[in-house]
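# Topology and contacts: notes
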Amino acid sequence: MLQSKLFYKTTKNKNANAESVSHDLLTRAGYIDQLMAGVYSFLPLGFKVLKNIELIVRQNMQAVGGQELLLPVLQPKENWVKTDRINIEKEIIFLLKGNGDKEYVLGPTHEEVVTPLTKKFVFSYRDLPIYVFQIQDKLRDELRPKSGLLRVREFMMKDLYSFHSNQADLDKYYEVVAKSYEKIFKECGIGKMTYRTLASGGSFSKYSDEFQTITNAGEDLIYICKKCSIGINKEIKNENLKCPKCGNAEFEEKKAVEVGNIFKMGTRFSMPFDLKFTDKDAHDKPVLMGCYGIGLGRLMGAIVEVSHDDKGIIWPKSVAPFKVHVIGVENNAKVKKAAQNLHAQLQKENIEVLYDDRENKTAGEKFGDADLLGIPYRLVVSEKTLAKNSVELKERGKEKIKLVKI
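Attention in this report is confined to the structure presented alongside it. (Residues numbered from 1 in each chain as written. Predicted model: local features only at pLDDT ≥ 70, side-chain atom pairs only at ≥ 80, totals over all residues. Heavy atoms only, no water.)

Looking now at empty space enclosed by the protein. A complete count under the given rule lists 1 cavity of 30 Å³ or more for this structure. Space inside the largest cavity adds up to approximately 70 Å³. Along its surface, the largest cavity is lined by His325, Ala370, Asp371, Ile375, Arg378, Lys394, Glu395 and Arg396. Secondary-structure elements contributing two or more residues to the lining of the largest cavity are helix H10 (363-373) and strand S22 (390-395). Taken together, the residues of the lining of the largest cavity sort by class into 2 nonpolar, 1 polar and 5 charged. (1 Å grid on protein atoms, 1.4 Å probe; cavity = no way out; pocket = protein on both sides within 12 Å on 5 of 7 lines; lining within 4 Å. Points joined across faces, edges and corners; volume = space filled by probe spheres on them. Helix = DSSP H or I, 4+ residues; strand = E, 2+ residues; numbered from the N terminus. Nonpolar A, V, L, I, M, F, W, Y, C, P; charged D, E, K, R; others polar.)

Here you go:
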């Protein structure tokens, strides 16, 4: 990709309206653009990062047996009346009036769609378990959107739903997905800063689990056990003086942002929609359900919160928009030709590369933009390096620069 043709703009000045590091850097580097409060456009750079995160999430969901589908955003209001969430969640629901007296919900989540859908396919214990997931836009009328991608009104989310014939099967699969989430966050480069955190299970089970990433921009307070390193949220901390897992009483308080959550929903949604199955003894029983969510945009913001310095973003290689940033520092024919050849060679090897071919920028401006954009490897071509048939190689976030043969 030629940087001169890239649909983006960078700015040196800090975003005065930014409430978090990720909000500031992602807007200044041209990854996202704010349309209105809590609603963002993903520009080509940001969209590439989002798609890389999506690929990691998708592969891991398929690895735990998830089958991908796509459910409608536009949902009938009557389904939400059946579950009473039209009242319970009324503060965040976008209601839409259609022709006549028809009313719709713009989906903040999809239990009211996936449950009646599954009823059309599940009749016997032989039809279970089932695991389906989607990656889809959600809309929530957030009262206080803030911190860029960390709290928004429109966002892309992966939600996995599991359907089971008994509690033991649900419990077993729940732990499989929990391990998968830990793998996802590790692959996205935030594994060391993300903690499985016990939260209230509500009416579903004793506990649910949040996955919380440590950041000063986080709105949640979590308490990390100094012995077993599990997190508990504030509500659980107030109920338990000791760690529910190991009994230790020493915790470290941290600010964090939730990047994923998993719930055992039991029969909360199967009962209103009469989702049942016939067991081996020909008895009708309600299907048990689990729900597992990850917000992709919020995960992108959390990655930047964890991985940056005072110069800009430091993308993990797994999610970066490009792997290599080629920069020619002199605008003469020899340097330009060598940089072009390097760009072409990398493309031929299927290595995603951004080539800074801009002729109206100084070397300092190019290096400043490179640091802000945060691409993992920077290759600098100059007359000095070409004299040694080499280029300068520098890894983003590290000081060491070395010469490598072309």
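So much for the structure itself; the text now carries on.
Further remarks concern the nonpolar core. In this structure, Tyr31, Tyr181, Met300 and Trp315 are the most contacted members of the largest nonpolar core, which totals 58 residues. Ranked by the residues each element gives to this core, the list is headed by helix H6 (residues 167-187), at 8 residues. Contact partners of Trp315, with chain neighbours within four places excluded, come to Leu26, Tyr31, Val49, Met300, Ile303, Val304, Ala320, Pro321, Leu373, Gly374, Ile375 and Pro376. Counting residues in hydrophobic clusters, the runner-up holds 16 residues, among them Leu71, Val113, Ile130 and Phe269. (Core = buried A, V, L, I, M, F, W, Y, C linked by side-chain atoms within 4.5 Å. Buried < 20%, exposed > 50% of the residue type's maximum accessible area, 1.4 Å probe, protein only. Contact = heavy atoms within 4.5 Å.)

Attention now moves to the packing of helix H2 (residues 44-63) against helix H8 (residues 296-306). H8 packs onto H2 with a crossing angle of 105 degrees between their chain directions and a minimal axis gap of 10 Å. Here H2 is positioned roughly perpendicular relative to H8, judged by the angle of their axes. On H8, the residues that touch Gly46, Val49, Leu50, Ile53 and Glu54 of H2 are Leu296, Gly297, Leu299, Met300 and Ile303. Grouping the amino acids of the contact of H2 with H8 by side-chain chemistry returns 7 nonpolar, 2 polar and 1 charged. (Axes fitted to C-alpha atoms, helices over the stretch in contact; angles between N-to-C directions. Parallel < 35°, antiparallel > 145°, perpendicular 65-115°, else oblique.)

A few words now on the side chain of Ser20. Summarising the element assignment, Ser20 is placed in the segment before helix H1 (21-28). There is a polar contact of 3.1 Å between the side chain of Ser20 and the backbone nitrogen of His23. In this structure the side chain of Ser20 is engaged in a polar contact, spanning 3.5 Å, whose partner is the side chain of Glu305. Not counting residues within four places of it along the chain, the set of residues in contact with Ser20 comprises Ser147, Gly148, Leu150, Ala217 and Glu305. (Polar contact = N/O pair within 3.5 Å; in protein donor to acceptor, adjacent residues only side chain to side chain.)

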